Amino acid sequence: MRYHNITKDDMLNGEGLRVVLWVAGCAHACKGCQNPITWDPSGGLPFDRLAKEEVFDELDKDYVSGLTFSGGDPLHPANIADVTELAREIKARYPDKTIWLYTGDTWDKVKEYEIVKYLDVVVDGEFEESRKDVLLHWKGSANQMVIDVKNTLEVGMVVLYD
C-alpha cells in the first residue's frame, strides 16, 4: 500500500478529532474529485513501519477519536489487503477508537469485504459533481450514504449514521 498523507487533528472526515490516512489508488475517477492526485496506485509513498508508527503515535493520544481511511480509495485492489490488516490491528489495539472509511464503492459491494468487521462507519458511493452539496455532513454529494456499520449488520438493512 502507498499513501499521500497522514493528517493529524482532523475534524472534517468523521466524528471527533481524527487521524486520516490518505491512500494512493482509485479507479473511480469521479468528475470534480477533490483528490485526483491520489488516483495513481503507484503514487505517494510506501506505507512503511515509520508511517504505521506515526498513525499509532496519534492513536495513542486519549483525545483522538479514531482513524479515517480516505484517499484515493482504501478498497482499491492495491490497498484492500493492507487496509484490512491495519484496520484489524487498530481495532485490536484500540478497541474504543472508531474507524471510518470513505470509498467510491457502494454498500452492496463493501458489505462483502472482511474489513467491514473492523469498521464503525462507511461513507459509500462515488462523488457526483451534479449532486454536490457543501452543507452535507461527512459526505460530498447527495447520493453518498454515511452508514452506521455495526447497526446495519445487526438489523440487516442500511442504518444511516447521524
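Nothing here was measured: the structure is a model prediction, and the numbers come from that model.

About the criteria used
- Residues numbered from 1 in each chain as written.
- Predicted model: local features only at pLDDT ≥ 70, side-chain atom pairs only at ≥ 80, totals over all residues.
- Heavy atoms only, no water.
- Helix = DSSP H or I, 4+ residues; strand = E, 2+ residues; numbered from the N terminus.
- Axes fitted to C-alpha atoms, helices over the stretch in contact; angles between N-to-C directions.
- Parallel < 35°, antiparallel > 145°, perpendicular 65-115°, else oblique.
- Left-handed = near helix turned anticlockwise from the far one by under 90°.
- Contact = heavy atoms within 4.5 Å.
- Core = buried A, V, L, I, M, F, W, Y, C linked by side-chain atoms within 4.5 Å.
- Buried < 20%, exposed > 50% of the residue type's maximum accessible area, 1.4 Å probe, protein only.
- Pairing = 2+ DSSP bridges.

1. Some points on the environment of Pro95
Along the polypeptide, Pro95 turns up in the loop between helix H2 (80–93) and strand S5 (98–102). Distance from Pro95 to Tyr118, taken between C-alpha atoms, is 9.6 Å for residues 23 residues apart in sequence.

2. Topic: the packing of helix H1 (residues 49–59) against H2
Their axes nearest at 12 Å, the elements H1 and H2 cross at an angle of 30 degrees. When the axis of H1 is compared with that of H2, the two are roughly parallel. The handedness of the crossing between H1 and H2 is right-handed. Within the contact between the two elements, H1 uses Lys52, Phe56 and Leu59 and H2 uses Leu86, Glu89, Ile90 and Arg93.

3. Points about the nonpolar core
Side chains of nonpolar character tend, in soluble globular proteins, to be buried together. Among the nonpolar cores identified, the biggest contains 31 residues, and Leu21, Phe47, Leu59, Leu67, Phe69 and Ile90 are the most heavily contacted of them. Of all the secondary-structure elements, those providing two or more residues to this core are strand S1 (2–10), strand S2 (18–23), H1, strand S4 (66–70), H2, S5 and helix H3 (107–110). Those residues in contact with Ile90 that lie beyond four places of it in its chain are Phe56, Leu59, Leu67, Pro95 and Ile99. Within the second largest apolar cluster, 6 residues are counted, among which are Trp100, Tyr102, Val121 and Val146.

4. Focus on the sheet that holds S5
The 7 strands lie next to each other as S3-S1-S2-S4-S5-S6-S7, forming an open sheet whose pairing is mixed. At either end of the open sheet lies a strand with only one pairing partner, and these are strand S3 (45–46) and strand S7 (145–148). Here S1 pairs with S2 via 5 bridges, running antiparallel. Within S2, the residue paired with Thr7 across the bridge is Val20. H2 contacts S2, S4 and S5 of the sheet and is inclined by roughly 160 degrees relative to S5.

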